Amino acid sequence: HDAATARTDRYDAFVAGVIGSSGLLWQPPSTRRWISLNAWPRAIQVLWRAARVHDLGGVWSYAYRHSPVLFSLLENAATVVFCTSTAQVMYSYTLAPRTLPPAYRNMMLRISGNDKRIVQMLRRACRGKAQRIDALRDYYTRLGGPAVHGPFPLENTPVPLVAPCAVIHPQTAWCTRSSLDVLVGAFARSLPMYAGVYTFGLALRPHAVLRAPLDNVLDAAVGVLRSTTFMAVFNAACMGFVCWTRRIMYTRELPVVYWWLSFVAAFAVLIEPPARRRELTVYVVPRAVDSAWKILLQEGYVRAVPHGAEAIFALSVGVLLHFYQAADKQTHALVPTFVRKPLNLMLDTRRRRRSRRG
(Lines give C-alpha, C1' and ligand atoms only; values in the text may rest on other atoms or scores of the structure.)
Protein backbone atom coordinates (compact mmCIF):
# COMPACT_ATOMS: atom_id res chain seq x y z
CA HIS A 1 0.00 0.00 0.00
CA ASP A 2 2.80 2.41 0.94
CA ALA A 3 4.64 1.64 -2.32
CA ALA A 4 1.49 2.26 -4.35
CA THR A 5 0.88 5.55 -2.51
CA ALA A 6 4.46 6.67 -3.10
CA ARG A 7 4.19 5.81 -6.78
CA THR A 8 0.94 7.77 -7.06
CA ASP A 9 2.52 10.75 -5.31
CA ARG A 10 5.38 10.73 -7.79
CA TYR A 11 3.05 10.73 -10.78
CA ASP A 12 0.95 13.43 -9.15
CA ALA A 13 4.13 15.48 -8.73
CA PHE A 14 4.91 15.02 -12.43
CA VAL A 15 1.45 16.23 -13.46
CA ALA A 16 1.65 19.13 -11.00
CA GLY A 17 5.02 20.14 -12.43
CA VAL A 18 3.70 20.07 -15.99
CA ILE A 19 0.62 22.12 -15.10
CA GLY A 20 2.45 24.51 -12.78
CA SER A 21 5.07 25.30 -15.39
CA SER A 22 2.38 27.11 -17.38
CA GLY A 23 3.40 30.16 -15.36
CA LEU A 24 6.28 30.42 -17.82
CA LEU A 25 3.80 31.79 -20.36
CA TRP A 26 3.79 35.08 -18.46
CA GLN A 27 7.43 35.61 -19.42
CA PRO A 28 8.66 37.15 -22.71
CA PRO A 29 9.44 34.59 -25.46
CA SER A 30 13.21 35.13 -25.20
CA THR A 31 13.11 34.49 -21.44
CA ARG A 32 11.00 31.36 -21.92
CA ARG A 33 13.52 29.99 -24.39
CA TRP A 34 16.46 30.70 -22.10
CA ILE A 35 14.76 29.07 -19.10
CA SER A 36 13.78 26.03 -21.14
CA LEU A 37 17.31 25.64 -22.50
CA ASN A 38 18.70 25.50 -18.97
CA ALA A 39 15.97 23.24 -17.56
CA TRP A 40 15.91 20.22 -19.88
CA PRO A 41 19.59 19.24 -19.43
CA ARG A 42 18.92 18.91 -15.69
CA ALA A 43 15.98 16.64 -16.39
CA ILE A 44 18.09 14.51 -18.74
CA GLN A 45 20.83 14.39 -16.11
CA VAL A 46 18.39 13.10 -13.50
CA LEU A 47 16.97 10.49 -15.88
CA TRP A 48 20.49 9.27 -16.71
CA ARG A 49 21.38 9.05 -13.02
CA ALA A 50 18.20 7.09 -12.35
CA ALA A 51 18.95 4.70 -15.22
CA ARG A 52 22.43 4.11 -13.84
CA VAL A 53 21.38 3.71 -10.20
CA HIS A 54 18.58 1.27 -11.08
CA ASP A 55 20.58 -0.43 -13.88
CA LEU A 56 17.85 0.16 -16.46
CA GLY A 57 17.49 -2.84 -18.74
CA GLY A 58 20.51 -4.46 -17.11
CA VAL A 59 22.76 -2.45 -19.45
CA TRP A 60 25.33 -1.48 -16.83
CA SER A 61 25.58 -4.96 -15.31
CA TYR A 62 25.91 -6.52 -18.78
CA ALA A 63 28.60 -4.02 -19.81
CA TYR A 64 30.46 -4.58 -16.53
CA ARG A 65 30.58 -8.35 -17.07
CA HIS A 66 31.01 -8.61 -20.85
CA SER A 67 32.18 -5.33 -22.40
CA PRO A 68 34.79 -3.18 -20.63
CA VAL A 69 34.73 -0.69 -23.51
CA LEU A 70 30.96 -0.19 -23.29
CA PHE A 71 31.15 0.05 -19.51
CA SER A 72 33.87 2.69 -19.77
CA LEU A 73 31.75 4.68 -22.22
CA LEU A 74 28.74 4.50 -19.92
CA GLU A 75 30.77 5.58 -16.91
CA ASN A 76 32.37 8.45 -18.83
CA ALA A 77 29.28 9.45 -20.80
CA ALA A 78 29.48 13.03 -19.48
CA THR A 79 32.96 13.44 -20.94
CA VAL A 80 31.95 12.09 -24.34
CA VAL A 81 28.83 14.28 -24.44
CA PHE A 82 30.89 17.28 -23.36
CA CYS A 83 33.41 16.74 -26.16
CA THR A 84 30.66 16.28 -28.74
CA SER A 85 28.82 19.40 -27.57
CA THR A 86 32.01 21.45 -27.46
CA ALA A 87 32.82 20.37 -31.01
CA GLN A 88 29.41 21.61 -32.15
CA VAL A 89 29.85 24.91 -30.31
CA MET A 90 33.30 25.49 -31.81
CA TYR A 91 32.01 24.55 -35.26
CA SER A 92 29.25 27.13 -34.87
CA TYR A 93 31.69 29.68 -33.46
CA THR A 94 33.83 29.36 -36.58
CA LEU A 95 31.23 28.89 -39.31
CA ALA A 96 27.84 30.03 -37.95
CA PRO A 97 28.56 32.48 -35.11
CA ARG A 98 25.09 34.04 -35.14
CA THR A 99 23.62 30.78 -33.85
CA LEU A 100 25.40 31.38 -30.53
CA PRO A 101 24.37 34.04 -27.97
CA PRO A 102 26.45 37.22 -28.43
CA ALA A 103 27.71 37.22 -24.82
CA TYR A 104 28.79 33.58 -25.10
CA ARG A 105 30.48 34.24 -28.44
CA ASN A 106 32.31 37.29 -27.11
CA MET A 107 33.48 35.36 -24.05
CA MET A 108 34.97 32.66 -26.29
CA LEU A 109 36.70 35.28 -28.43
CA ARG A 110 38.11 37.10 -25.41
CA ILE A 111 39.51 34.02 -23.68
CA SER A 112 41.03 32.55 -26.84
CA GLY A 113 42.71 35.84 -27.67
CA ASN A 114 41.89 35.40 -31.36
CA ASP A 115 41.40 38.46 -33.50
CA LYS A 116 37.98 38.71 -35.16
CA ARG A 117 39.68 39.07 -38.52
CA ILE A 118 41.36 35.68 -38.18
CA VAL A 119 38.10 33.93 -37.29
CA GLN A 120 36.45 35.63 -40.26
CA MET A 121 39.34 34.54 -42.50
CA LEU A 122 38.87 30.89 -41.52
CA ARG A 123 35.11 31.18 -42.04
CA ARG A 124 35.43 32.74 -45.47
CA ALA A 125 38.08 30.19 -46.49
CA CYS A 126 35.74 27.32 -45.55
CA ARG A 127 32.97 28.92 -47.61
CA GLY A 128 35.25 29.62 -50.58
CA LYS A 129 34.70 33.37 -50.41
CA ALA A 130 37.16 36.16 -51.17
CA GLN A 131 39.11 37.41 -48.18
CA ARG A 132 39.07 40.96 -46.87
CA ILE A 133 42.62 41.60 -47.93
CA ASP A 134 43.00 45.14 -46.55
CA ALA A 135 41.96 44.16 -43.01
CA LEU A 136 44.17 41.05 -43.01
CA ARG A 137 47.15 42.96 -44.43
CA ASP A 138 46.80 45.54 -41.66
CA TYR A 139 46.70 42.79 -39.02
CA TYR A 140 49.68 41.01 -40.60
CA THR A 141 51.76 44.19 -40.74
CA ARG A 142 50.83 45.37 -37.24
CA LEU A 143 52.06 42.12 -35.65
CA GLY A 144 55.36 42.16 -37.51
CA GLY A 145 54.53 39.63 -40.20
CA PRO A 146 56.78 41.12 -42.93
CA ALA A 147 59.87 40.82 -40.70
CA VAL A 148 59.08 37.20 -39.77
CA HIS A 149 57.46 35.72 -42.89
CA GLY A 150 58.20 38.18 -45.64
CA PRO A 151 55.60 39.79 -47.95
CA PHE A 152 51.91 39.40 -47.20
CA PRO A 153 51.05 35.87 -48.51
CA LEU A 154 47.51 36.65 -49.67
CA GLU A 155 48.42 39.63 -51.82
CA ASN A 156 47.86 37.76 -55.09
CA THR A 157 45.52 35.06 -53.70
CA PRO A 158 42.25 36.70 -52.58
CA VAL A 159 40.44 33.32 -52.47
CA PRO A 160 42.95 30.90 -50.89
CA LEU A 161 42.08 27.22 -50.55
CA VAL A 162 43.84 27.18 -47.18
CA ALA A 163 44.22 30.03 -44.70
CA PRO A 164 48.01 30.25 -44.23
CA CYS A 165 49.66 29.89 -40.82
CA ALA A 166 51.68 33.03 -41.56
CA VAL A 167 48.49 35.10 -41.35
CA ILE A 168 47.04 33.20 -38.37
CA HIS A 169 50.13 33.92 -36.25
CA PRO A 170 52.23 36.54 -38.04
CA GLN A 171 54.24 37.31 -34.90
CA THR A 172 56.08 33.96 -35.03
CA ALA A 173 57.16 31.49 -37.69
CA TRP A 174 56.67 28.51 -35.35
CA CYS A 175 53.23 26.97 -34.89
CA THR A 176 54.33 25.42 -31.59
CA ARG A 177 55.40 28.82 -30.28
CA SER A 178 52.03 30.23 -31.31
CA SER A 179 50.25 27.46 -29.36
CA LEU A 180 52.36 28.19 -26.29
CA ASP A 181 51.48 31.88 -26.57
CA VAL A 182 47.78 30.93 -26.72
CA LEU A 183 48.26 28.65 -23.68
CA VAL A 184 49.80 31.40 -21.57
CA GLY A 185 47.36 34.06 -22.77
CA ALA A 186 44.26 31.91 -22.23
CA PHE A 187 45.49 30.98 -18.74
CA ALA A 188 45.94 34.64 -17.81
CA ARG A 189 42.55 35.63 -19.20
CA SER A 190 40.69 32.67 -17.63
CA LEU A 191 42.18 33.01 -14.15
CA PRO A 192 40.10 36.03 -13.01
CA MET A 193 36.92 34.48 -14.40
CA TYR A 194 37.34 31.18 -12.55
CA ALA A 195 38.54 32.93 -9.40
CA GLY A 196 35.23 34.79 -9.39
CA VAL A 197 33.24 31.62 -10.06
CA TYR A 198 34.81 29.67 -7.19
CA THR A 199 34.65 32.65 -4.82
CA PHE A 200 30.94 32.92 -5.56
CA GLY A 201 30.64 29.20 -4.82
CA LEU A 202 32.22 29.74 -1.41
CA ALA A 203 29.85 32.61 -0.71
CA LEU A 204 26.87 30.31 -1.35
CA ARG A 205 27.86 27.94 1.47
CA PRO A 206 29.05 30.15 4.35
CA HIS A 207 28.35 27.56 7.06
CA ALA A 208 30.63 24.96 5.45
CA VAL A 209 33.34 27.59 4.97
CA LEU A 210 33.15 28.69 8.61
CA ARG A 211 33.41 25.09 9.83
CA ALA A 212 36.60 24.43 7.84
CA PRO A 213 37.81 27.68 6.28
CA LEU A 214 41.31 26.55 5.34
CA ASP A 215 40.16 23.32 3.67
CA ASN A 216 37.44 25.09 1.68
CA VAL A 217 39.74 27.88 0.53
CA LEU A 218 42.45 25.39 -0.51
CA ASP A 219 39.89 23.28 -2.39
CA ALA A 220 38.65 26.39 -4.18
CA ALA A 221 42.22 27.44 -5.06
CA VAL A 222 42.95 24.00 -6.52
CA GLY A 223 39.67 24.16 -8.43
CA VAL A 224 40.57 27.56 -9.87
CA LEU A 225 43.95 26.26 -11.06
CA ARG A 226 42.47 23.10 -12.57
CA SER A 227 39.68 24.91 -14.40
CA THR A 228 42.04 27.61 -15.65
CA THR A 229 44.51 24.98 -16.85
CA PHE A 230 41.72 23.12 -18.63
CA MET A 231 40.59 26.25 -20.47
CA ALA A 232 44.15 27.17 -21.42
CA VAL A 233 45.01 23.68 -22.68
CA PHE A 234 41.78 23.47 -24.68
CA ASN A 235 42.39 26.78 -26.45
CA ALA A 236 46.04 25.98 -27.13
CA ALA A 237 45.12 22.53 -28.46
CA CYS A 238 42.51 24.00 -30.81
CA MET A 239 44.97 26.49 -32.24
CA GLY A 240 47.76 23.94 -32.42
CA PHE A 241 45.60 21.38 -34.21
CA VAL A 242 44.51 23.99 -36.76
CA CYS A 243 48.16 24.60 -37.69
CA TRP A 244 49.44 21.04 -37.45
CA THR A 245 46.71 19.40 -39.51
CA ARG A 246 47.13 21.82 -42.40
CA ARG A 247 50.84 21.01 -42.47
CA ILE A 248 50.08 17.28 -42.64
CA MET A 249 47.03 16.83 -44.85
CA TYR A 250 45.39 20.12 -45.79
CA THR A 251 44.78 20.89 -49.43
CA ARG A 252 41.74 23.07 -48.72
CA GLU A 253 39.66 24.24 -45.77
CA LEU A 254 37.06 21.65 -44.72
CA PRO A 255 34.42 22.65 -42.16
CA VAL A 256 34.18 19.11 -40.74
CA VAL A 257 37.86 19.26 -39.79
CA TYR A 258 37.10 22.04 -37.30
CA TRP A 259 34.46 19.85 -35.69
CA TRP A 260 36.83 16.93 -35.21
CA LEU A 261 39.72 19.11 -34.04
CA SER A 262 37.51 20.64 -31.36
CA PHE A 263 36.21 17.20 -30.36
CA VAL A 264 39.74 15.94 -29.72
CA ALA A 265 40.86 19.16 -28.00
CA ALA A 266 37.84 19.02 -25.67
CA PHE A 267 39.28 15.92 -23.96
CA ALA A 268 41.34 18.46 -22.02
CA VAL A 269 38.29 18.40 -19.72
CA LEU A 270 39.84 15.27 -18.17
CA ILE A 271 41.95 17.74 -16.19
CA GLU A 272 38.77 18.53 -14.26
CA PRO A 273 37.38 16.17 -11.57
CA PRO A 274 34.37 14.01 -12.59
CA ALA A 275 31.80 16.11 -10.72
CA ARG A 276 33.02 19.27 -12.43
CA ARG A 277 32.94 17.54 -15.84
CA ARG A 278 29.28 16.74 -15.34
CA GLU A 279 28.47 20.36 -14.51
CA LEU A 280 30.39 21.60 -17.54
CA THR A 281 28.47 19.14 -19.70
CA VAL A 282 25.14 20.44 -18.43
CA TYR A 283 26.34 23.97 -19.19
CA VAL A 284 27.59 23.30 -22.75
CA VAL A 285 24.94 20.86 -24.03
CA PRO A 286 22.04 23.36 -24.31
CA ARG A 287 24.23 25.81 -26.24
CA ALA A 288 25.32 23.09 -28.63
CA VAL A 289 21.81 21.75 -29.20
CA ASP A 290 20.38 25.26 -29.62
CA SER A 291 23.09 26.16 -32.12
CA ALA A 292 22.61 22.93 -34.09
CA TRP A 293 18.82 23.50 -34.14
CA LYS A 294 19.26 27.02 -35.50
CA ILE A 295 21.59 25.76 -38.22
CA LEU A 296 19.04 23.11 -39.22
CA LEU A 297 16.33 25.78 -39.29
CA GLN A 298 18.46 28.03 -41.49
CA GLU A 299 19.17 25.18 -43.90
CA GLY A 300 15.49 24.22 -44.03
CA TYR A 301 15.96 20.71 -42.67
CA VAL A 302 13.48 21.26 -39.81
CA ARG A 303 10.60 23.55 -39.01
CA ALA A 304 9.98 25.63 -35.92
CA VAL A 305 7.68 23.94 -33.39
CA PRO A 306 5.07 26.34 -31.94
CA HIS A 307 5.48 26.62 -28.14
CA GLY A 308 8.17 23.94 -28.26
CA ALA A 309 10.24 25.67 -25.56
CA GLU A 310 7.24 25.81 -23.21
CA ALA A 311 6.46 22.11 -23.76
CA ILE A 312 10.07 21.11 -23.11
CA PHE A 313 10.16 23.18 -19.93
CA ALA A 314 6.90 21.64 -18.70
CA LEU A 315 8.20 18.10 -19.21
CA SER A 316 11.50 19.00 -17.56
CA VAL A 317 9.83 20.39 -14.45
CA GLY A 318 7.55 17.36 -14.32
CA VAL A 319 10.56 15.00 -14.40
CA LEU A 320 12.41 16.92 -11.68
CA LEU A 321 9.37 16.96 -9.37
CA HIS A 322 8.68 13.29 -10.10
CA PHE A 323 12.07 12.30 -8.74
CA TYR A 324 11.99 14.87 -5.97
CA GLN A 325 8.80 13.26 -4.64
CA ALA A 326 10.43 9.81 -4.45
CA ALA A 327 10.10 8.15 -1.08
CA ASP A 328 13.53 6.46 -1.07
CA LYS A 329 16.47 8.73 -0.35
CA GLN A 330 18.60 7.28 -3.15
CA THR A 331 16.15 8.34 -5.86
CA HIS A 332 15.34 11.62 -4.11
CA ALA A 333 19.05 12.49 -4.06
CA LEU A 334 19.22 12.25 -7.86
CA VAL A 335 17.67 15.72 -8.10
CA PRO A 336 20.39 18.43 -8.10
CA THR A 337 20.92 20.15 -4.75
CA PHE A 338 20.11 23.63 -6.06
CA VAL A 339 16.68 22.29 -7.10
CA ARG A 340 16.01 20.39 -3.88
CA LYS A 341 16.86 23.23 -1.50
CA PRO A 342 14.24 25.75 -2.74
CA LEU A 343 11.61 23.00 -2.81
CA ASN A 344 12.54 21.90 0.71
CA LEU A 345 12.29 25.50 1.88
CA MET A 346 8.85 25.97 0.31
CA LEU A 347 7.55 22.70 1.74
CA ASP A 348 8.92 23.45 5.21
CA THR A 349 7.26 26.87 5.12
CA ARG A 350 3.97 25.27 4.09
CA ARG A 351 4.19 22.67 6.89
CA ARG A 352 4.85 25.36 9.51
CA ARG A 353 1.83 27.34 8.33
CA ARG A 354 -0.38 24.27 8.52
CA SER A 355 0.85 23.43 12.01
CA ARG A 356 0.08 26.97 13.19
CA ARG A 357 -3.44 26.77 11.78
CA GLY A 358 -3.92 23.41 13.42
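Everything discussed here concerns the structure shown above.
Residues numbered from 1 in each chain as written. Predicted model: local features only at pLDDT ≥ 70, side-chain atom pairs only at ≥ 80, totals over all residues. Heavy atoms only, no water.

1. Section: the packing of helix H5 (residues 77-95) against helix H15 (residues 274-299)
- Where H5 meets H15, the closest approach of the two axes is 8 Å, and the angle between their N-to-C directions is 40°. On the basis of their axis angle, the class for H5 and H15 is oblique. Crossing handedness for the pair H5 and H15: left-handed. Contacts from Ala78, Thr79, Val81, Phe82, Ser85, Thr86, Gln88, Val89, Tyr91 and Ser92 of H5 reach H15 at Arg277, Arg278, Leu280, Thr281, Val284, Val285, Arg287, Ala288, Ser291, Ala292 and Ile295. (Axes fitted to C-alpha atoms, helices over the stretch in contact; angles between N-to-C directions. Helix = DSSP H or I, 4+ residues; strand = E, 2+ residues; numbered from the N terminus. Parallel < 35°, antiparallel > 145°, perpendicular 65-115°, else oblique. Left-handed = near helix turned anticlockwise from the far one by under 90°. Contact = heavy atoms within 4.5 Å.)

2. As for the pattern of salt bridges
- Scanning the model with the defined rule gives 11 salt bridges in all.
- Note that Glu279 is salt-bridged to Arg42, the shortest N-O span being 2.8 Å. Of this pair, Glu279 sits in helix H15 while Arg42 sits in helix H2 (residues 29-53), and the two are 237 residues apart along the sequence.
- By relative accessible area, Arg42 is classed as buried at 12%.
- A salt bridge links Lys294 to Asp290, with the shortest nitrogen-to-oxygen separation between them at 3.5 Å. One end of the pair is Lys294 and the other is Asp290, both in helix H15 and 4 residues apart, which spans about a single turn.
- We classify Lys294 as partly exposed; its relative accessible area is 25%.
- Ionic contacts of the salt-bridge type, sharing partners, join the residues Arg33, Asp290 and Lys294 into one network. (Salt bridge = Lys/Arg side-chain N within 4 Å of Asp/Glu carboxyl O. Buried < 20%, exposed > 50% of the residue type's maximum accessible area, 1.4 Å probe, protein only.)

3. A word on the packing of H2 against helix H16 (residues 308-324)
- Remark: H2 packs on H16, axes separated minimally by 8 Å, with the N-to-C direction vectors making an angle of 40°. Classified by the interaxial angle, the pair formed by H2 and H16 is oblique. Remark: the crossing between H2 and H16 carries left-handed chirality. Facing H2, whose interface residues are Arg32, Arg33, Ile35, Ser36, Ala39, Trp40, Arg42, Ala43, Val46, Leu47 and Ala50, H16 presents Ala309, Glu310, Ile312, Phe313, Ser316, Val319, Leu320 and Phe323.
- In terms of residue class, the contact of H2 with H16 is built from 13 nonpolar, 2 polar and 4 charged. (Nonpolar A, V, L, I, M, F, W, Y, C, P; charged D, E, K, R; others polar.)

4. Looking at unusual backbone geometry
- Even without a glycine there, the phi angle at Asp55 is positive, about 50°.
- Its identity as a non-glycine residue notwithstanding, His307 has a phi of 55°, on the positive side.

5. With respect to the nonpolar core
- If you look at the biggest cluster of nonpolar residues, it comprises 33 residues, and the most contacted ones within it are Phe82, Val89, Tyr93, Met108, Phe230 and Phe234.
- Of all the elements, helix H13 (residues 213-248) adds the most residues to this core, at 8 residues.
- For Phe234, the contacting residues outside a window of four places in its chain are Thr86, Met90, Ser262, Ala265, Ala266 and Ala268.
- Leu95, Ile118, Tyr139 and Val257 belong to the second-largest nonpolar core, a separate cluster that totals 23 residues. (Core = buried A, V, L, I, M, F, W, Y, C linked by side-chain atoms within 4.5 Å.)

6. A short note on the packing of aromatic side chains
- On inspection of all chains with the given rule, the structure shows 11 aromatic pairs.
- Their ring planes at 65° and their centres at 6.0 Å tell us that Phe241 and Trp244 sit as a pair that is edge-to-face. You can see Phe241 and its partner Trp244 sitting in helix H13, 3 residues apart, about one turn around the helix.
- Judged by its relative accessible area of 22%, Phe241 falls in the partly exposed class.
- Grouped by ring-pair contacts, the aromatic residues Trp259, Trp260, Phe263 and Phe267 constitute a single cluster. (Phe/Tyr/Trp six-rings, centres within 6.5 Å; stacked < 30°, edge-to-face > 60°.)

7. As for the side chain of His169
- As for its placement among the helices and strands, His169 is situated in the loop between helix H10 (165-168) and helix H11 (175-203).
- The class of His169 is buried, set by a relative accessible area of 1%.
- Polar side-chain contacts of His169 include one of 2.9 Å to the backbone oxygen of Thr172.
- Setting aside its immediate chain neighbours within four residues, His169 contacts His149, Trp174, Cys175, Ser178 and Cys243. (Polar contact = N/O pair within 3.5 Å; in protein donor to acceptor, adjacent residues only side chain to side chain.)

8. Thoughts on a nonpolar patch on the surface
- Judged by side-chain polarity, Trp293, Leu296, Leu297, Tyr301 and Val305 come together as a nonpolar surface patch covering roughly 480 Å² of accessible area.
- Within the element layout of this structure, Val305 appears in the loop between H15 and H16.
- Of the residues examined, Val305 reaches a relative accessible area of 55% and is grouped as exposed. (Patch = residues over 30% accessible without salt bridge, like charges linked within 9 Å, V, L, I, M, F, W, Y side chains within 5 Å. Areas by Shrake-Rupley, 256 points an atom, 1.4 Å probe, with all protein chains shown as cover.)

9. A word on H11
- In this model H11 runs 42 Å from its N-terminal to its C-terminal C-alpha over 29 residues, within 8% of the 42 Å that 1.5 Å per residue would give.
- In the structure, H11 departs most strongly from a straight axis at Ser190, where the bend amounts to approximately 30° and where the proline Pro192 lies between one and four residues downstream.
- For H11, the full list of buried residues reads Cys175, Ser178, Ser179, Val182, Gly185, Ala186, Ser190, Tyr194, Tyr198 and Leu202.
- If you follow the buried residues of H11, they end up packed against helix H6 (102-112), H10, helix H12 (206-211), H13 and H15. (Expected span 1.5 Å × (residues − 1). Bend = angle between axes of the 7 residues up to and from the residue.)

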